[in-house]
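Below are the chains, spelled out letter by letter.
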Amino acid sequence: MSSHRSFARFALPVIAALSCSPLWAQQAHSPDSPPTMAQIEAAWQARDFEAARAGLAALAATTTDPLVQFRYARMLIDGIGGPRDPAQGMSLLDQAIAQGYVPAQVLQARVLLSPGPAHNPERAAALLSNAAARGTSEAQYYLGLLHLNGTGVAQDPQAAFNWLLAASEGQYGPAQLELAKLYISGVGTAPNTGQAAYWMQEAAARNIAEAQFLWAEMLAQGLVQGQATPDALDWYAKAGQQGHVLAQRTLGTLYLTGAEGVDPDATLAVQWLTAAADAGDVRAMNNLGVAYGTGTVLPQDDAQAFEWLLTASDEGLAQASFVLGRMYEAGRGTPANLDKAVATYRRAAAQGSQQAVTYLGTLTLAGTLEDVVAPHDAVGWVMAQIDENDAALPWMQTQAEAGVRPAQAALGQWYASQPARAAEGYALIELAA
């Protein structure tokens, strides 16, 4: 598992809800008496973002309070309650930073690390270094990632480990996840499964979805002494409930196959696999298609099997394309159509399925494709079996004698690799040329 992370993570989320106070949005106020922060917070709590933004603008015009500048800046940068205005937002953060307001340093650093015109990793690293030295766990976490990836600072795994450890000891969940990965991979520290398990569990307990999934994986693989698959199921579910697609697919597949001592459960298998498939996971789509096609745990439903496999095939999954070809060939879930079957097998081969290449060769040697595919196109499929299938060599020789140039070239190269037939091989290659 790689510890390196894209800095897309620094893109700003929607500002967290402010604390609750009485609603002020309907109350009039003059420039001489701007709203109070309590009134602004009440407007935010009521989701009246335009009023909250207007209130912060009024306060920012009459006070140099860094908290006001910080909160108004976030609304401007995120475009909440009105159009985005990153330039003004950054200016307000500058004012708050000048007063030593650490949250403004961290926020501005995140903006500077995000893609866009303000991108400036070196400036971000300087801001984070200051905030991290003052004990801010979030800044320590980001600074650790910068050192890990060599972004804005020299790459330094040891420094990355130290900053992530500091943030983890400050109970910052995302840092605990990354620290656990460093202990697993041995980057910046010696590998230590026990410490990896400790920090992964800490991060999982703080509701970090990826940590919950990886903790479940550690449990399922028996990497944690005294705990096993039943515990893993709970953590897969926690991650899945947060939308972690791989956790959803893994959990659904476990309930589908009954692997690792899990009792098969059709309802839970469909629930989790469908959630992952709806999120775009092609392997979940494939698993649903195969499950409906086999009818072992789920009720057999060729129509659903065909649709799921078709979707996965269109998304580029080779194994789904191969099974889909079998359905076209057999007429399951769709009318039998050998032309479509062969086209789908060819798609699977192009997507990397060696199984499809082998099967196409088998169909060719059986004569099934005689009126469907030209011999020129079938040469590669048959050559893939020339060392295993006794029918492959006679077929290639027949095509070479018939003047099929790809067959002459391929067979010639094969002969040329054998000292006893090298001259024959060179002659065939020359003939093809």
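An account of the accompanying structure is given in this report. (Residues numbered from 1 in each chain as written. Predicted model: local features only at pLDDT ≥ 70, side-chain atom pairs only at ≥ 80, totals over all residues. Heavy atoms only, no water.)

Observations concerning the nonpolar core
Consideration 1: The biggest cluster of nonpolar side chains holds 131 residues, and the ones touching the most others in it are Trp215, Tyr236 and Met396.
Consideration 2: Here methionine 396 is in contact with Val379, Val382, Met383, Ile386, Ala407, Ala410 and Leu411, once residues within four sequence places are set aside. (Core = buried A, V, L, I, M, F, W, Y, C linked by side-chain atoms within 4.5 Å. Buried < 20%, exposed > 50% of the residue type's maximum accessible area, 1.4 Å probe, protein only. Contact = heavy atoms within 4.5 Å.)

Some points on the pattern of salt bridges
Consideration 1: Scanning the model with the defined rule gives 10 salt bridges in all.
Consideration 2: In this structure, the salt-bridge partner of glutamate 210 is lysine 181, at a minimum N-O distance of 2.7 Å. With glutamate 210 in helix H11 (residues 209–220) and lysine 181 in helix H9 (residues 173–185), the pair connects residues that are 29 residues apart, well separated along the chain.
Consideration 3: By relative accessible area, which is 1% here, lysine 181 ends up buried.
Consideration 4: We note a salt bridge from arginine 206 to glutamate 202, for which the minimum N-O separation is 3.1 Å.
Consideration 5: Here the residues in one salt-bridge network are Glu178, Lys181 and Glu210, joined through shared partners. (Salt bridge = Lys/Arg side-chain N within 4 Å of Asp/Glu carboxyl O. Helix = DSSP H or I, 4+ residues; strand = E, 2+ residues; numbered from the N terminus.)

A closer look at helix H14 (residues 266–278)
Consideration 1: Helix length check: H14 (13 residues) gives 18 Å between terminal C-alpha atoms against 18 Å at 1.5 Å per residue, within 8%.
Consideration 2: Taken together, the buried positions of H14 are occupied by Ala269, Trp272, Leu273, Ala276 and Ala277. All buried residues of H14 project into a common sector of 135° when viewed along the axis, lining one side. The outward face of H14, more than 90 degrees from its buried face, is lined by the exposed residues Thr267 and Asp278.
Consideration 3: The backbone nitrogen of threonine 267 lies 3.1 Å from a side-chain oxygen of the residue at the head of H14, namely aspartate 265.
Consideration 4: Just past H14, the residue glycine 280 takes up positive phi, approximately 100°. (Expected span 1.5 Å × (residues − 1). Arc of directions from axis to C-beta. Polar contact = N/O pair within 3.5 Å; in protein donor to acceptor, adjacent residues only side chain to side chain.)

As for helix H7 (residues 137–149)
Consideration 1: In this model, H7 (13 residues) spans 19 Å end to end at C-alpha, consistent with the 18 Å of a helix rising 1.5 Å per residue.
Consideration 2: The element H7 is extensively covered by neighbouring structure, given that 12 of its 13 residues are classed as buried.
Consideration 3: What H7 keeps buried is the set Ser137, Ala139, Gln140, Tyr141, Tyr142, Leu143, Gly144, Leu145, Leu146, His147, Leu148 and Asn149.
Consideration 4: In this fold, the buried residues of H7 make contact with helix H5 (102–113), helix H6 (121–133), helix H8 (157–169) and H9.
Consideration 5: One or two residues past the end of H7 sits glycine 150, with phi positive at roughly 70°.

Some words on the packing of H7 against H8
Consideration 1: One can describe the packing of H7 onto H8 by two numbers: an axis separation of 8 Å at closest approach and a directional angle of 160°. Compared by their axis directions, H7 and H8 come out roughly antiparallel. Like other packed secondary-structure pairs, H7 and H8 cross with a definite hand, here left-handed. Counted together, Ser137, Gln140, Tyr141, Leu143, Gly144, His147 and Leu148 of H7 and Pro157, Ala159, Ala160, Trp163, Leu164, Ala166 and Ala167 of H8 form the full contact between these two elements.
Consideration 2: Across the contact of H7 with H8, the residue classes break down as 10 nonpolar, 4 polar and no charged. (Axes fitted to C-alpha atoms, helices over the stretch in contact; angles between N-to-C directions. Parallel < 35°, antiparallel > 145°, perpendicular 65-115°, else oblique. Left-handed = near helix turned anticlockwise from the far one by under 90°. Nonpolar A, V, L, I, M, F, W, Y, C, P; charged D, E, K, R; others polar.)

Focus: the packing of helix H22 (residues 405–416) against helix H23 (residues 422–432)
Consideration 1: Interhelical geometry of H22 versus H23 gives an angle of 155° and a closest axis separation of 7 Å. Classified by the interaxial angle, the pair formed by H22 and H23 is roughly antiparallel. In this structure, H22 crosses over H23, and the sense of that crossing is left-handed. Judged by residue contacts, Arg405, Gln408, Ala409, Leu411, Gly412, Gln413, Tyr415 and Ala416 of H22 engage Ala422, Glu424, Gly425, Tyr426, Leu428, Ile429, Leu431 and Ala432 from H23.
Consideration 2: Looking at the contact of H22 with H23 residue by residue, the class counts come to 10 nonpolar, 4 polar and 2 charged.

Describing the packing of aromatic side chains
Consideration 1: With the rule as written, the count across this model stands at 12 aromatic pairs.
Consideration 2: Here the aromatic rings of tyrosine 345 and tyrosine 359 are separated by 5.1 Å at their centres, their planes lie at 70°, and the arrangement is edge-to-face. Within this pair, whereas tyrosine 345 is found in helix H18 (residues 338–350), its partner tyrosine 359 is found in helix H19 (residues 354–365), the two being separated by 14 residues in sequence. Here tyrosine 345 and tyrosine 359 have matching classes, each one buried.
Consideration 3: Taken together, the aromatic side chains of Tyr141, Tyr142 and Tyr172 make up a single cluster linked through ring pairs.
Consideration 4: When the ring centre of tryptophan 235 is taken as reference, the NZ or CZ atom of lysine 238 above it lies at 5.4 Å. (Phe/Tyr/Trp six-rings, centres within 6.5 Å; stacked < 30°, edge-to-face > 60°. Lys NZ or Arg CZ within 6 Å of the ring centre and 35° of its normal.)

Overview of the side chain of serine 321
Consideration 1: Residue placement: serine 321 occurs in helix H17 (residues 318–330).
Consideration 2: A polar contact of 2.7 Å, which involves the side chain of serine 321, links it to the side chain of serine 313.

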